[in-house]
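Coordinate analysis (summary)
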Amino acid sequence: MTQQAMKTLELGVQGMTCASCVGRVERGLKKVEGVGDVMVNLATERASVTYDPATTTPQMLLDKVKDVGYEPVTSTLDLGVQGMTCANCVGRVERALGKVEGVLNASVNLATERATVTYLPSAVSPGQLKAAVRDSGYEVLETQAGQDRSDVEREAKEKEVTDLWRSVRFSALFAVPLLLIAMLPMLYMPAEMWLMERLGSALNWIMLALALPVQFGPGRRFYRQGWAAFRHRSPDMNSLVMIGTSAAFFYSLLVTLAPQIFPAGTAHVYYEASAVVITLILLGKYFEALAKGRSSEAMKKLLNLQPKTARVLRNGTELELPSDEALVGDLISVRPGEKVPVDGNVTSGSSYVDESMITGEPLPVQKTAGTPVVGGTINQTGAFQFRATKIGADTALAQIIKLVESAQGSKPPIQGLADSVVRVFVPVVLVIAAVTFLTWMIFGGPGALSSALVNTVAVLIIACPCAMGLATPVSVMVGTGKAAELGVLFRNGAALEGLQGVQVVALDKTGTLTEGHPELTDLVLTPGFEHAEVLALVASAEQQSEHPIARAIVDAAKTEEVPLSALQYFEAVPGFGLAATVAGRLVNVGADRYMAQLGLDVTGFGDEARRMGDEGKSPLYAAIDGQLAAILAVADPIKAGSLEAVRVLHAQGLRVAMITGDNARTANAIARQLGIDQVLAEVLPSGKSDAVAAIQQGGQKVAFVGDGINDAPALALADVGLAIGTGTDVAVETADVILMSGDLRGVPNAIALSRTTLRNIRLNLFWAFAYNIVLIPVAAGVLIPLLGWRLSPVLAAAAMGLSSVFVLSNALRLRGFKPPARPGPAIRPPHLLPAPISKGELA
């Protein structure tokens, strides 16, 4: 490779602290094949790399920087792109951005009209990226300082709809009378005789006068964009319309100006074809723009949740400020019926808050001092004050909106099929059109020229890649928006597609299937003892212990408002239990062997002990003043909704596995209660990913659901990782799908929505491809010799518009998706209910 063919790239490198770091980065980069010179500067934190682009890519250099332990600096930019009309436009913008030195990845979405670019800020600026989009023939939607991007995009879309409707009305004003003049004589012969007697050859000039304003008025957009596409060697839908309507118009113009040069009987004009085709295509674009607006309804709902103002208390005065002016640490007041402006923690007051648009849970959640509140949620009847903890882009709502936008803008793998076809589609159509014209000119007989023209124009008009370009992104856009309404967040299109193909759902137990903290579930008394008395004495004896079982007993006493007494004496008996003196009474709590050591017979509780063992609980016994007083059990209760979630997963044809560190007996007892198919018990925290891999070894695709830090490796290894949104940040960051609430019913809902969305996409793609495969030959005239059927360019234009409208309408059906597991009163296994605690006595 000559030196002239080498390229130099500037990389930002974070984490270097000394000369050794510089040397490590330089040595690492020089090991990459195709790399020549490397210079790393510690002061500027940059690496200058000369490399051979034939063997080395910028991504390979970034990966090597990561391999040696440092972080390459990359940025992501979202650009609003105006003027795209079909999948070819998407490809052209992506190629233009991809050619810019320093761009790592460019993804363009036709439905959202956005380009997402990952680039090296040290090598390229946002201005250069915008220039690349403009050079490819499209406009970049700019936002001014202080403007909200969503407002600018909404105004641009509203302007687009308004402009299209104005163009449609203007075109129809001329196209409708033109169509009547052209078609009425064919339907009613006396009308043709009357027109010829009155107007004669002037009729063509009248039709020219009607067609001219349409062709070069509203039709000018097709020339402008179509010619730009040809200049960039990427012809698109606009190019096809430009060629087709121009052929019809200028052929007719030549017939009007010089009819004598045409053979007798062939001097026909087709002004109505060009004018009506333009009108119908604009009408289809108008309906398409309206449908695109409806496809982002869920996103609009999320954006509308963001409150505009906040009541901030500063220096003893309540000020009504814009929400974005609130600061972390501000004390904010919320009145009944108002929205919570930012995230925070309640300091005083109490109320119930509707969090349904964040979590998908239908019931309002009680808020008291110390509980968190989320910006955008709606306060009900009470009033409270809270301290702001997160503002602006850091709030939960802002993060959700960002995540949904990212998912809507991403491409699922299935999109690759459409992209591959679209890349060659328009050139192939142009070849088919040329072959159609030549075939009819050679074999068309006396009316060969007219037939060749009409059929060629019909081919050019019918073959539109719009439906192909919209088939996937619109469904993804509507599907992910609907998921957000249900409290399910997909990180990207790949997660949305991957979830529909899973065969096994593996569930973590603690915190996912269960509440994640032990509760007192059973307290059965010996005759002669009172419930409150026993609970108070046992809880008092346990109150100094930090053991989870002790905490559960103390919490139960506090919940029932049973007063606790001070300990006068306490002794832990390792391996057996404890002994304590409370209010002058001796209390012993422990296992059956401890009771035996004390000389107490527990066989009277035999049935209760066996029941608890079958339910996976470990029974404890309490003795007071030397007498057996009660048998009690503490367990981690199953979450509301877990049983229903497992039932629905089975109904969806999926196997359900549970991965837990609990002992096999407890795990199997819970699995029996829930109907779980496979149990992997006594798994170490570090072994959950190995358990997932073991399930995958059978060739099955696995979705893993977890909530803790120790679940992160399993979430990453699974084919699709789902994190409970109430879990740790590490789990949420690692997962592909986030369930905003702790309700496990979100899992079957997410799977059902994924399957429905992919079916929707497949139907869209089938329609888009089948439409072209069937109708292009018809437009070319293959049925004329057989059945005498000819596809008029006017009908071709109508069919082209309907194809896009069909795809959009089909995608919009996803807005009516009904989740199979509705939030609401849940079925919980009766033996694992945390309350009420049994107060029955043994006979």
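Definitions and cut-offs
Residues numbered from 1 in each chain as written. Predicted model: local features only at pLDDT ≥ 70, side-chain atom pairs only at ≥ 80, totals over all residues. Heavy atoms only, no water. 1 Å grid on protein atoms, 1.4 Å probe; cavity = no way out; pocket = protein on both sides within 12 Å on 5 of 7 lines; lining within 4 Å. Points joined across faces, edges and corners; volume = space filled by probe spheres on them. Helix = DSSP H or I, 4+ residues; strand = E, 2+ residues; numbered from the N terminus. Nonpolar A, V, L, I, M, F, W, Y, C, P; charged D, E, K, R; others polar. Patch = residues over 30% accessible without salt bridge, like charges linked within 9 Å, V, L, I, M, F, W, Y side chains within 5 Å. Areas by Shrake-Rupley, 256 points an atom, 1.4 Å probe, with all protein chains shown as cover. Salt bridge = Lys/Arg side-chain N within 4 Å of Asp/Glu carboxyl O. Contact = heavy atoms within 4.5 Å. Pairing = 2+ DSSP bridges. Axes fitted to C-alpha atoms, helices over the stretch in contact; angles between N-to-C directions. Parallel < 35°, antiparallel > 145°, perpendicular 65-115°, else oblique. Buried < 20%, exposed > 50% of the residue type's maximum accessible area, 1.4 Å probe, protein only. Lys, Arg positive; Asp, Glu negative; His and termini not counted. Charge placed at Lys NZ, Arg CZ, Asp CG, Glu CD. Expected span 1.5 Å × (residues − 1).

**Brief notes about the layout of surface pockets**
Its volume calculated, the second largest pocket comes out at about 1,000 Å³. Together, 39 residues line the second largest pocket, and Gly83, Glu160, Arg221, Arg224 and Gln225 are the ones closest to its centre. Broken down by secondary-structure element, the contributors of at least two residues to the lining of the second largest pocket are β5 (75-82), β8 (139-141), α5 (149-187), α8 (220-231), α9 (237-257) and α10 (271-295). For the lining of the second largest pocket, the leading source of residues is α5, giving 11 residues. Taken together, the residues of the lining of the second largest pocket sort by class into 13 nonpolar, 10 polar and 16 charged.

**Looking at a nonpolar patch on the surface**
Among the surface-exposed residues, Leu438, Met441, Ile442 and Phe443 lie close enough to one another that they form a single nonpolar patch of about 460 Å² accessible area. In this structure, Phe443 sits in helix α14 (residues 415-443).

**As for the side chain of Thr660**
Note that Thr660 resides in the loop between β25 (655-659) and α24 (664-674). For Thr660, the contacting residues outside a window of four places in its chain are Lys509, Ala667, Leu680, Ala681, Glu682 and Val683.

**Quick notes on the sheet that holds strand β22 (residues 585-590)**
On the basis of which strands lie adjacent, the open sheet formed by 6 strands has the order β19-β24-β23-β22-β21-β20 and antiparallel pairing. Among the strands making up the open sheet, the edge pair consists of β19 (519-525) and β20 (567-573). Going from strand to strand, the sheet's axes swing by 20° on average, the running direction of each strand aside. The pairing of β22 with strand β23 (residues 618-624) spans 4 bridges and is classified as antiparallel. Across the sheet, the residue bridging to Val587 is Ile624, located in β23.

**Let's talk about the packing of helix α23 (residues 642-651) against helix α28 (residues 746-780)**
Contact pair α23 / α28: the axes reach a minimum separation of 8 Å and the direction vectors enclose 30°. Viewed along their axes, α23 and α28 adopt a mutual orientation that is roughly parallel. Across from Ala645, Val648 and Leu649 in α23, the residues of α28 making contact are Val747, Pro748 and Ile751. Here the contact of α23 with α28 is built from residues that sort into 6 nonpolar, no polar and no charged.

**A few points about the pairing of β23**
The side chains of a regular strand alternate, first on one face of the sheet and then on the other. With 5 of 7 residues buried, β23 lies mostly within the body of the structure. As judged from the 7 bridges shared by β23 and strand β24 (residues 627-635), these two strands associate in the antiparallel manner. Note that in β24 the partner of Ile624 across the bridge is Gln627. Taking the residues between adjacent antiparallel strands as the criterion, β23 and β24 are bridged by 2 residues, where Asp625 takes a positive phi near 55°.

**With respect to a positive patch on the surface**
A grouping of Arg95, Lys99, Arg233 and Arg423 is seen on the molecular surface, where their side chains present a positively charged patch. Position of Arg95 among the secondary structure elements: in helix α3 (residues 87-98).

**Thoughts on the sheet that holds strand β3 (residues 46-51)**
Neighbouring strands of a sheet are bound in pairs by backbone hydrogen bonds; such pairs are parallel or else antiparallel. In spatial order, the strands read β2-β3-β1-β4; together these 4 strands make up an open sheet with antiparallel pairing. Whereas interior strands pair on both sides, the edge strands pair on one side only; in this sheet they are β2 (35-41) and β4 (71-73). The mean inter-strand angle of the sheet, taken between neighbouring strand axes irrespective of direction, is 35°. Judged from the 6 bridges that link them, strand β1 (residues 7-14) and β3 form a sheet pairing that is antiparallel. Looking at the pairing, Gly12 lines up with Arg46 of β3. Against the sheet, helix α1 (residues 19-30) makes contact with β1, β2 and β3, and its axis sits at roughly 165° relative to β2, the strand it touches most. Contacting β1, β2, β3 and β4, helix α2 (residues 58-67) crosses the sheet at an angle of about 30° to β1.

**Details of α9**
At 3.6 residues per turn, the α-helix brings residues three or four places apart onto the same side. Taking 1.5 Å per residue as the helical rise, α9 with its 21 residues ought to reach 30 Å, and the 30 Å between its terminal C-alpha atoms agrees with that figure. With 15 of 21 residues buried, α9 lies mostly within the body of the structure.

**A closer look at the side chain of Ser689**
Residue position: Ser689 is located in helix α25 (residues 688-696). Judged by its relative accessible area of 16%, Ser689 falls in the buried class. Other than its neighbours up to four places away in sequence, Ser689 contacts Pro713, Ala714 and Leu717.

**Things to note about helix α15 (residues 448-462)**
The terminal C-alpha atoms of α15, which comprises 15 residues, lie 21 Å apart, in line with the 21 Å expected from a rise of 1.5 Å per residue. Here α15 lies mainly inside the structure; 14 of its 15 residues are buried.

**Focus on the environment of Val140**
Turning to its location among the elements, Val140 is positioned in strand β8. In this structure Val140 comes out as buried when scored by relative accessible area, which is 6%. The sequence separation of Val140 and Gln82 amounts to 58 residues, and the corresponding C-alpha distance is 6.1 Å. Ignoring anything within four residues of it in the chain, the contact list for Val140 reads Leu79, Gly80, Lys130, Val133 and Arg134.

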